[in-house]
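Residues per chain, in single letters:
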Amino acid sequence: MVQVAQQGYMYDYFHAFFPGLPCSVSLASLLALPLEWYGWCNSHERHLLGGVVLSNLFFVLSVSELYKLSDTVLGNKNIARTAAILYCLTPANIFMSAIYTESLFAYLFLGGLRMHAQNRNWVASVKFGLACFVRSNGVLACWFFAYTTFIQCPLAVLVPGNLRSRERLPRAYPTRACTWSLYLHIVMSRAMQCLVVLLPLVFYLLYGYHQYCTNEDTRRLSPWCDSVVPNIYSFVQSQYWNVGFLRYWQFKQLPNFALATPMILLSSFGLYTYFWPRRPTSVSFHAPRLFPYMAYWGIQLLVALFTMHVQVTTRFVSSCPAIYWFAAHLFHTTTPVLPSTTSNRWLQSTILFYFLCYSLIGPVLFANFYPWT
């Protein structure tokens, strides 16, 4: 990442990293130029310093964004506060502090979700677009616009008197049913907002095409240029990182599956509790308005399980607010999620132990170059 910030995209495999963080690190490193002038550090160390400061700054800011989003969506300050505390102990916390994309992406993505929850969708689309400039999974933010367009408003159009449908409407239309003319307006607006989200990805792929496919010498070495849709990012992920559907499902990868198992189990249980509850345990957690966030959690889990290096699951879903909402509601619900109160206490202790354990072990292993998430 620091090499990209210093030298740009010199090699095709550098394109596994989107330009959002390298550009930010380059800008942040300019603030440390006086240190280099006085001989206290060199250019590489200056960029390292800028990257570390930037990652930690955006991690702190992302905590604030999660709290505000939780308060907006859940309407419960206690659960919002607990979710923010748990986020500070996220099992992927080492990647929030090191020069990785997680903290910057989380800040932009959670900020976009907050704007979307407040129905400030154009601002949300800009934030989601910036998040897409940082990580490829930023494109999944389009799901929230799709949900508004194809689920919320059609329900109100077809059943305008249904209070449950109207409860799911965007906040801009709390007192009136969604008409067909209003629906068409929303469709056009959401399509344009999704375009804003996708533009950074499109420009990034066009940059890669221009860099390698417009010159005959480099084109001969770049087989992806002749694809129906030339995509350097997909090529690099497949060629150098062996990313693809079920490619990681091998016996030799069992230790990595074990590393991701706690997050997979937590995610699976959280989704099961929401979609198939024994009985609602929390008005805040089981509200219909949480559906798009829970569905997004499920989409992320499926992508991580079947197409990615599975050990990355822990940090891949680290910016998903539903994880922390589910964990937080377990500490506040008065109705046991499991059959007995004792089992419920055991579940709370297990989740807290998992968060603390990964938060403490992760930095030690990562700093000593041992495999981690």
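Rules behind the numbers
- Counting from 1, residues in each chain are numbered in the order their sequence is written.
- With the structure being a predicted model, the display of local features is reserved for residues of pLDDT at least 70 and the display and counting of side-chain atom pairs for 80 or more, all residues being used for whole-chain, interface and lining totals.
- Neither water nor hydrogens contribute to the side-chain values; these are computed over all heavy atoms in the structure.
- A run of DSSP states H or I qualifies as a helix once it reaches four residues; a run of E qualifies as a strand once it reaches two. Both are numbered from the N-terminal end.
- Only heavy atoms enter the contact rule, under which two residues are in contact if any of them lie within 4.5 Å.
- Each accessible area is a Shrake-Rupley result for a 1.4 Å probe, and residues are judged covered by the shown protein chains and nothing else.
- Ring pairs shown here join Phe, Tyr and Trp side chains whose ring centres sit within 6.5 Å, with only the six-membered ring taken for Trp; geometry is labelled stacked below 30 degrees between planes, edge-to-face above 60, and tilted in between.
- Should the NZ of a Lys or the CZ of an Arg lie within 6 Å of a ring centre and within 35 degrees of the ring normal, that charge is described as sitting over the ring.
- In this scheme, a helix's expected span is set at 1.5 Å multiplied by one less than its residue total.
- Here's how the labels work: a residue is buried when its accessible area is under 20% of the maximum for its type, exposed when over 50%, partly exposed in between, all with a 1.4 Å probe on protein chains only.
- Think of a polar contact as two N or O atoms within 3.5 Å of one another; within protein, one of them needs to be a possible hydrogen donor and the other a possible acceptor, and neighboring residues in sequence only count if both atoms come from side chains.
- By convention in these notes, a salt bridge is any Lys or Arg side-chain nitrogen within 4 Å of a carboxyl oxygen on Asp or Glu.
- In this analysis, axes come from line fits to C-alpha atoms, helices being fitted only over the stretch in contact, and the angle between any two N-to-C directions falls in the range 0 to 180 degrees.
- Roughly parallel here means an angle under 35 degrees, roughly antiparallel means over 145, roughly perpendicular means 65 to 115, and every remaining angle is called oblique.
- Rotating anticlockwise by less than a right angle from the far helix to the near helix defines a left-handed crossing, while the corresponding clockwise rotation defines a right-handed one.
- Residues are grouped as follows: Ala, Val, Leu, Ile, Met, Phe, Trp, Tyr, Cys and Pro are nonpolar; Asp, Glu, Lys and Arg are charged; all remaining types, including Gly, are polar.
- Whenever a pair of cysteine sulfur atoms sits within 2.5 Å, that pair is classed as a disulfide.
- What is meant by a nonpolar core is a set of buried Ala, Val, Leu, Ile, Met, Phe, Trp, Tyr and Cys residues, joined one to another through side-chain atoms within 4.5 Å.

A look at the overall build of the protein chain
Next, step 1: If you tally the helices and strands in the protein chain, you get 18 helices and zero strands.
Next, step 2: By sequence separation, contacts in the protein chain at least 24 residues apart represent 68% of the contacts at least 6 residues apart.
Next, step 3: Here the protein chain has roughly 17800 Å² of accessible surface; of this, 67% comes from carbon and sulfur atoms.

Overview of the packing of aromatic side chains
Centre-to-centre distance and the angle between the planes together describe a pair of aromatic rings.
Next, step 1: Under the counting rule described, the total for this entry stands at 43 aromatic pairs.
Next, step 2: Aromatic ring contacts, followed pair by pair, group Trp143, Tyr147, Phe269, Tyr272, Tyr274, Phe275, Trp276, Phe285, Phe291, Trp297 and Phe326 into a single cluster.
Next, step 3: A cation over an aromatic ring shows up here: Arg135 above the ring of Phe105, its NZ or CZ 5.9 Å from the ring centre.
Next, step 4: Lying across the ring of Phe95, Arg315 places its NZ or CZ 4.7 Å from the centre.

Notes on helix α5 (residues 77–88)
Next, step 1: A rise of 1.5 Å per residue sets the reference length of α5, with its twelve residues, at 16 Å; its end C-alpha atoms lie 17 Å apart and thus fit the reference within 8%.
Next, step 2: Among the residues of α5, those classed as buried are Ile79, Ala80, Thr82, Ala83, Ala84, Leu86 and Tyr87.
Next, step 3: The distance from a side-chain oxygen at the start of α5 to the backbone nitrogen of Asn78 is 3.0 Å, and the residue carrying that oxygen is Asn76.

Some points on the pattern of salt bridges
Next, step 1: The final tally for this structure, using the stated rule, is eight salt bridges.
Next, step 2: When the shortest N-O distance is used, the salt bridge between Arg135 and Glu102 registers 2.8 Å. Residue Arg135 is found in the loop between α8 (121–134) and α9 (142–158), and its partner Glu102 is found in helix α7 (residues 102–117); the two are separated by 33 residues along the sequence. Taken individually, Arg135 and Glu102 each receive the classification buried, so the pair is uniform in this respect.
Next, step 3: The partner of Glu102 in a salt bridge is Arg315, and the shortest N-O contact between them spans 3.0 Å. With Glu102 in helix α7 and Arg315 in helix α16 (residues 313–316), this pair connects stretches of sequence that are 213 residues apart.
Next, step 4: For Glu102, a relative accessible area of 2% puts it in the buried group.
Next, step 5: What makes Arg315 buried here is its relative accessible area of 16%.
Next, step 6: Residues participating in the shared-partner salt-bridge network are Glu65, Arg114 and Lys127.

Details of the packing of helix α4 (residues 43–74) against helix α17 (residues 321–330)
When two helices pack together, their arrangement is captured by the angle between the axes and the distance separating the axes.
Next, step 1: The N-to-C vectors of α4 and α17 enclose an angle of 70°; their axes lie 11 Å apart at closest approach. Relative to α17, the element α4 lies roughly perpendicular. α4 and α17 meet at a crossing whose hand is right-handed. Contacts between α4 and α17 involve Leu66, Leu69, Ser70, Val73 and Leu74 on the former and, on the latter, Pro321, Tyr324 and Trp325.
Next, step 2: Of the residues assigned to the contact of α4 with α17, the class counts are seven nonpolar, one polar and no charged.

Side note on the state of the cysteines
Next, step 1: On inspection of all chains with the given rule, the structure shows one disulfide.
Next, step 2: Between the sulfur atoms of Cys213 and its disulfide partner Cys225 the distance amounts to 1.8 Å. Residues Cys213 and Cys225 share a disulfide whose torsion about the S-S bond is about -80°; that sign makes it left-handed. Of the two residues, Cys213 is situated in the loop between α11 (180–212) and α12 (216–220) and Cys225 in the loop between α12 and α13 (232–241); the sequence distance between them amounts to twelve residues.

Some thoughts on the nonpolar core
Next, step 1: Core analysis: the biggest nonpolar cluster contains 80 residues, and Tyr87 and Trp325 have the highest contact counts within it.
Next, step 2: With nine residues, the single largest contributor to this core is α7.
Next, step 3: Among all residues touching Trp325, those that are not within four sequence positions of it are Leu66, Leu69, Ser70, Val73, Leu74, Ile79, Ala83, Phe285, Leu290 and Tyr293.

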